Amino acid sequence: MKQTFKPLPLLLLIFPLLLSAACGSKNLAALDVTERLEDNPKITWGVKVDTSLFGLYNIETAEIEGFDIDIAKALTKEITGDAKNANFVEVTSKTRIPLLKNGNIDAIIATMTISEERKKQVDFSDVYFAAGQALLVPKDSTIQSVSDLNSETTVLSVKGSTSAANIREHAPDATVLELENYSEAFTALQSGQGDAMTTDNAILLGIIAKNPGYRLAGDNFTDEPYGIAINKGQDNFVQAVNAALQTIKENGVYDKIYAK
Ligand code: GLU
């Protein structure tokens, strides 16, 4: 029997496949966040959950708490009208840029320094907090500053942080051991796997507040201006975040959060 070619059913079969392929190729991170907010006002922020003072999970309240969280809520309220539209997703220093680029989060507000290196991958808001890198040591340590770090000392830091890169410049002879996050790094310091731990002064002060057997060694040896990281191509969202930041700085909300 002669077979007849039936183009229509074939097209009907292929069309859904073509459609799903086309949709799949549209990276979530490339969709305009401000446009999406008109339909769905939720903003998903990547935050730390193990960093005292900035982003720390509180087991009793089952909430993440800290400066970054409060700023994210205040910005969400400015942008969408309701702080409850803020969603939070856990990031570490290492996972935050990949999660942003994959479209899992809309922005990173997680003790993240604005750096030229990172600007090649993401855009940043204006500065919202000025930190600087320092050293944490046990109270009885002989280390008084970064210049005391030598070939015999091991310094603990965290993967994906500027702290890990900076310490190699400031103490080129020291051994640097990189952990996954700050709670692991501090546990390593407590168990004697390193002589000092390094990251931003503000993060270290949060650790000292709960662990009085530790102190800072010397002054800050870098500047670490914190910014909110947003995907490239999201200029409208960057502008919205900067405008909201400006508003909360002018209306006293930022100062209240800072004082807290
Ligand atoms: N602010 C530094 C950084 O962005 C250290 C803190 C962190 O790892 O988040 O890398």
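Report follows, based on the coordinates. Predicted model only: the values in this text are computed from it and were never measured.

Before going further, it helps to spend a moment on empty space enclosed by the protein. Inspection of every chain in the model, using the stated rule, returns one cavity of 30 Å³ or more. Approximately 60 Å³ is the volume attributed to the largest cavity. Arg96, Thr111, Ser161, Tyr182 and Asp200 are, among the 13 residues lining the largest cavity, the residues nearest its centre. Elements supplying a minimum of two residues to the lining of the largest cavity: helix H6 (162-170) and strand S12 (196-200).

The sheet built from three strands is open, its strands ordered S2-S3-S4 with antiparallel pairing. Every other strand in the sheet has two partners, leaving strand S2 (50-51) and strand S4 (63-65) as the edge strands with one partner each. Here S2 runs beside strand S3 (residues 55-58); their pairing, made up of two bridges, is antiparallel. Directly across from Thr51, in S3, lies its bridge partner Gly55.

This structure, assessed with the given rule, holds twelve aromatic pairs. When the centroid spacing of 6.3 Å and the interplanar angle of 15° are considered together, the rings of Phe67 and Tyr128 count as stacked. Of this pair, Phe67 sits in helix H3 (residues 67-80) while Tyr128 sits in the loop between strand S7 (122-124) and strand S8 (129-131), placing them 61 residues apart in sequence. Taking the relative accessible area as the measure of exposure, Phe67 reaches 8% and is therefore buried. Look at Tyr128 and you get buried, because its relative accessible area is 1%. For the pair Tyr128 and Tyr226, a centre-to-centre distance of 6.2 Å together with 50° between the ring planes defines the contact as tilted. Residue Tyr128 is found in the loop between S7 and S8, and its partner Tyr226 is found in strand S14 (residues 224-226); the two are separated by 98 residues along the sequence. Accessibility assignment for this pair places Tyr128 and Tyr226 in one class, buried.

Looking now at the layout of surface pockets. One number sums up the size of the largest pocket: a volume of about 430 Å³. Of all the elements in the fold, those that place two or more residues in the lining of the largest pocket are S3, S4, H3, helix H8 (201-210) and helix H10 (253-259). With four residues, the single largest contributor to the lining of the largest pocket is H3. Residue classes in the lining of the largest pocket are distributed as twelve nonpolar, three polar and five charged.

All right, on to the sheet that holds strand S10 (residues 154-158) then. Spatial strand order, S11-S10-S12-S9-S13: five strands in an open sheet with mixed pairing. Pairing within the sheet leaves two strands with one partner each, and these edge strands are strand S11 (175-179) and strand S13 (214-216). Neighbouring strand axes in the sheet, compared pairwise and without regard to direction, differ in orientation by 30° on average. In this structure, strand S9 (residues 133-138) lies alongside S12, joined through four bridges in antiparallel fashion. Within the sheet, the bridge partner assigned to Leu136 lies in S12 and is Met197. Against the sheet, H8 engages S9, S12 and S13, with an angle of about 125° to S12.

So, how was this worked out
Residues numbered from 1 in each chain as written. Predicted model: local features only at pLDDT ≥ 70, side-chain atom pairs only at ≥ 80, totals over all residues. Heavy atoms only, no water. 1 Å grid on protein atoms, 1.4 Å probe; cavity = no way out; pocket = protein on both sides within 12 Å on 5 of 7 lines; lining within 4 Å. Points joined across faces, edges and corners; volume = space filled by probe spheres on them. Helix = DSSP H or I, 4+ residues; strand = E, 2+ residues; numbered from the N terminus. Pairing = 2+ DSSP bridges. Phe/Tyr/Trp six-rings, centres within 6.5 Å; stacked < 30°, edge-to-face > 60°. Buried < 20%, exposed > 50% of the residue type's maximum accessible area, 1.4 Å probe, protein only. Nonpolar A, V, L, I, M, F, W, Y, C, P; charged D, E, K, R; others polar. Axes fitted to C-alpha atoms, helices over the stretch in contact; angles between N-to-C directions. Contact = heavy atoms within 4.5 Å.

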